[in-house]
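# Examination of the molecular architecture
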Amino acid sequence: MKHADKHSTSSEMHSVDAEIAEKLQAKLPQAPVNPWFVRQVMNLLPERQRAFMGAHWQWIFYGFGGVCLCGAEVMTIVNAVKSSFSIESIVYMCLMSLIMVSCIAILGIPALIRLFREP
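Values in this document were obtained by computation on a predicted structure and should not be read as measured data.

## Quick notes on the overall build of the chain
For the chain, the helix and strand inventory stands at 4 helices and 0 strands. Secondary structure elements of the chain, listed N to C terminal, follow the sequence α-α-α-α. Of all 119 residues assigned to the chain, the portion counted as buried reaches 7%.

## What about a nonpolar patch on the surface?
Where nonpolar side chains cluster on the molecular surface, the patch consists of I87, V91, Y92, L95 and L98 and spans about 520 Å² of accessible area. With respect to the secondary-structure elements, I87 resides in helix α4 (residues 87-117). Given a relative accessible area of 68%, I87 falls into the exposed group.

## Details of the confidence of the model for the chain
Across the chain, the average pLDDT comes to 76, with 75% of residues at or above 70. Across the chain, α4 holds the top mean pLDDT of 82, while helix α2 (residues 35-44) sits lowest at 68.

## Here's the deal with the pattern of salt bridges
Enumeration according to the criterion identifies 1 salt bridge in this entry. Of the charged contacts, one joins E19 and K23 as a salt bridge, the two residues approaching to 3.5 Å between their closest N and O atoms. Placement of both E19 and K23 in helix α1 (residues 2-27) is noted, with a separation of 4 residues, approximately one turn of the helix.

## What to know about α4
Here α4 spans 44 Å end to end across 31 residues, near enough to the 45 Å set by a 1.5 Å rise per residue. The sharpest bend along α4 reaches about 25° and sits at G108, with the proline P110 one to four residues further on. S89, M93, M96 and M100 are the residues of α4 that are buried.

## A word on the side chain of S89
Topologically, S89 is positioned in helix α4. For S89, the residues in contact, after removing those within four places along its chain, are T76, A80 and S83.

## Focus on the side chain of T76
As for its position among the elements, T76 is in helix α3 (residues 52-82). Accessibility expressed as a relative area gives 14% for T76, which makes it buried. Not counting chain neighbours up to four residues away, the residues in contact with T76 comprise S89, Y92, M93 and M96.

## Some remarks on the state of the cysteines
Disulfides are covalent bonds that link the sulfur atoms of two cysteine residues. All told, the structure shown has 0 disulfides when counted by the stated rule. Distance from the sulfur of C68, which forms no disulfide, to the nearest cysteine sulfur (C70) is 9.5 Å. Note on C68: relative accessible area 40%, which makes it partly exposed.

The rules behind each value
- Residues numbered from 1 in each chain as written.
- Predicted model: local features only at pLDDT ≥ 70, side-chain atom pairs only at ≥ 80, totals over all residues.
- Heavy atoms only, no water.
- Helix = DSSP H or I, 4+ residues; strand = E, 2+ residues; numbered from the N terminus.
- Buried < 20%, exposed > 50% of the residue type's maximum accessible area, 1.4 Å probe, protein only.
- Patch = residues over 30% accessible without salt bridge, like charges linked within 9 Å, V, L, I, M, F, W, Y side chains within 5 Å.
- Areas by Shrake-Rupley, 256 points an atom, 1.4 Å probe, with all protein chains shown as cover.
- Salt bridge = Lys/Arg side-chain N within 4 Å of Asp/Glu carboxyl O.
- pLDDT = per-residue confidence, 0-100.
- Expected span 1.5 Å × (residues − 1).
- Bend = angle between axes of the 7 residues up to and from the residue.
- Contact = heavy atoms within 4.5 Å.
- Disulfide = S-S within 2.5 Å.

And the structure:
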């Protein structure tokens, strides 16, 4: 019997909670559907804080990786010239170029999108 009382008390509390939520919702002012209102409220909010230190280290490592990639590409080209452009050296040169272009795209496209989106 105690278990049934406990269950009924829980359902009673749930109904009371729902009733209180309905009353509070009815008394609260509702935001208008007008998109102008949303823009005005968003303009009143403070600007978001950005990760300052993380961004610096991130770009330092990106730069280091870019220098290493460019150095590897130059070494591949020099090796290709020395070996009279063998098939192996041409394949390495193409792979290094593909890796460099994909890294530039992965890092550059999001940076350009952020640059043009921000006011």
